[in-house]
Amino acid sequence: RDLEWSTEGVRGSRRFLNKVWKLCMLKETETAELSAGEKSELEYMTAVTIRSVEEDLIGFQFNTAISAIQEFVNFIQRLRGENGVFRGFGEAMKTVITLLYPFAPFMTSELAGKMRVDLGEFPVYSKKAIDRREKEIIVQVNGKLRSKILTQTEMKEKEVLERALTDTKVKKFTEGKDRKSVV
């Protein structure tokens, strides 16, 4: 099958790399404090991005690895837009440089020299930062709210379903009955 060559992808890649370069070259001092929620979100996004890129590299899924890095950079840029250059901004950008190194080695080597980043080790993600995140799941039986349960964001659907079915409020409506559907 013939593929048509398009320069649009090259332009998009260049825009992304320029964005990373400009963020790394900011000379402002880190003065802004993030709220507790924003700090937690930054820790979570950092951990999820590192884990995602690591898994994608192992699975040779380079496009999704780059996509995860782009999402992380956009998140950092949004935080910077809302708060200015915040405490932890430099560390976040150092993580970006390290994650981007396998894909853009020349540029990231240059940035690593300027920002004093060791590219020898891949960053390690904090499992605690990922596990700490919880979300509330609404449990309905026959279209009516029966319970709300807190779950970890990284839980599998099967585990969430098991937890919902063992909830005492839900049990009295589901015991001895067949499930027709689970949404």
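Structure: see above.
Since the structure is predicted, the reported quantities are computational estimates derived from the model, not experimental observations. (Residues numbered from 1 in each chain as written. Predicted model: local features only at pLDDT ≥ 70, side-chain atom pairs only at ≥ 80, totals over all residues. Heavy atoms only, no water.)

**Brief notes about the overall build of the protein chain**
- In terms of helices and strands, the protein chain carries 8 helices and 2 strands.
- Counted from the first residue to the last, the protein chain has its helices and strands arranged as α-α-α-α-α-α-β-β-α-α.
- Whereas a compact globule of 183 residues would reach a radius of gyration of roughly 16 Å, the protein chain reaches 21 Å, over 25% beyond that.
- Across its three principal axes, the protein chain shows a C-alpha extent of roughly 65 × 55 × 30 Å.
- Sorting the 183 residues of the protein chain into buried and exposed places 32% on the buried side.
- Considering only contacts in the protein chain between residues 6 or more positions apart, those separated by 24 or more positions represent 56%. (Helix = DSSP H or I, 4+ residues; strand = E, 2+ residues; numbered from the N terminus. Rg over C-alpha atoms; globule rule 2.2 N^0.38 Å. Buried < 20%, exposed > 50% of the residue type's maximum accessible area, 1.4 Å probe, protein only. Contact = heavy atoms within 4.5 Å.)

**Describing the environment of Glu162**
- If you trace the backbone, Glu162 turns up in helix 7 (residues 157-166).
- Residue Glu162 is classed as exposed on the basis of its relative accessible area, which comes to 54%.

**Regarding the side chain of Asp56**
- With respect to the helices and strands, Asp56 occurs in helix 2 (residues 36-58).
- For Asp56, the residues in contact, after removing those within four places along its chain, are Gln61, Thr64 and Ala65.

**Some details on helix 4 (residues 89-100)**
- The terminal C-alpha atoms of helix 4 lie 16 Å apart, and with 12 residues this matches the ideal 16 Å at 1.5 Å per residue to within 8%.
- With 10 of its 12 residues buried, helix 4 lies for the most part within the structure.
- Those residues of helix 4 that are buried lie in contact with helix 1 (8-24), helix 2, helix 3 (62-83) and helix 5 (105-115). (Expected span 1.5 Å × (residues − 1).)

**Considering helix 1**
- With 17 residues, helix 1 should reach 24 Å at 1.5 Å per residue; the first-to-last C-alpha distance of 25 Å fits that figure.
- Considered for burial, the residues of helix 1 that qualify are Phe16, Val20, Leu23 and Cys24. One side of helix 1 holds all its buried residues, which, seen down the axis, span an arc of 105°. In helix 1, those exposed residues whose orientation departs by more than 90 degrees from the buried face are Arg14, Arg15 and Lys22.
- Buried residues belonging to helix 1 abut helix 3, helix 4 and helix 5. (Arc of directions from axis to C-beta.)

**A few points about the nonpolar core**
- Formed by 34 residues in total, the largest nonpolar core has its most connected members in Val20 and Met93.
- At the level of secondary structure, the elements contributing two or more residues to this core comprise helix 1, helix 2, helix 3, helix 4 and helix 5.
- Setting aside residues up to four positions removed in sequence, Val20 forms contacts with Val73, Met93, Val96, Leu100, Met107 and Leu111.
- In terms of nonpolar packing, the next biggest core, distinct from the first, is built from 5 residues, Val139, Val141, Ile149 and Val170 among them. (Core = buried A, V, L, I, M, F, W, Y, C linked by side-chain atoms within 4.5 Å.)

**Considerations on the packing of helix 2 against helix 3**
- Between helix 2 and helix 3, the least distance of the axes is 8 Å, while the angle of their chain directions is 165°. Classified by the interaxial angle, the pair formed by helix 2 and helix 3 is roughly antiparallel. For the crossing formed where helix 2 meets helix 3, the hand is left-handed. Each of Glu38, Glu41, Leu42, Met45, Thr46, Thr49, Ser52, Val53, Asp56 and Leu57 in helix 2 lies in contact with helix 3, whose residues at this interface are Phe62, Thr64, Ala65, Ala68, Ile69, Glu71, Phe72, Phe75, Leu79, Glu82 and Asn83. (Axes fitted to C-alpha atoms, helices over the stretch in contact; angles between N-to-C directions. Parallel < 35°, antiparallel > 145°, perpendicular 65-115°, else oblique. Left-handed = near helix turned anticlockwise from the far one by under 90°.)

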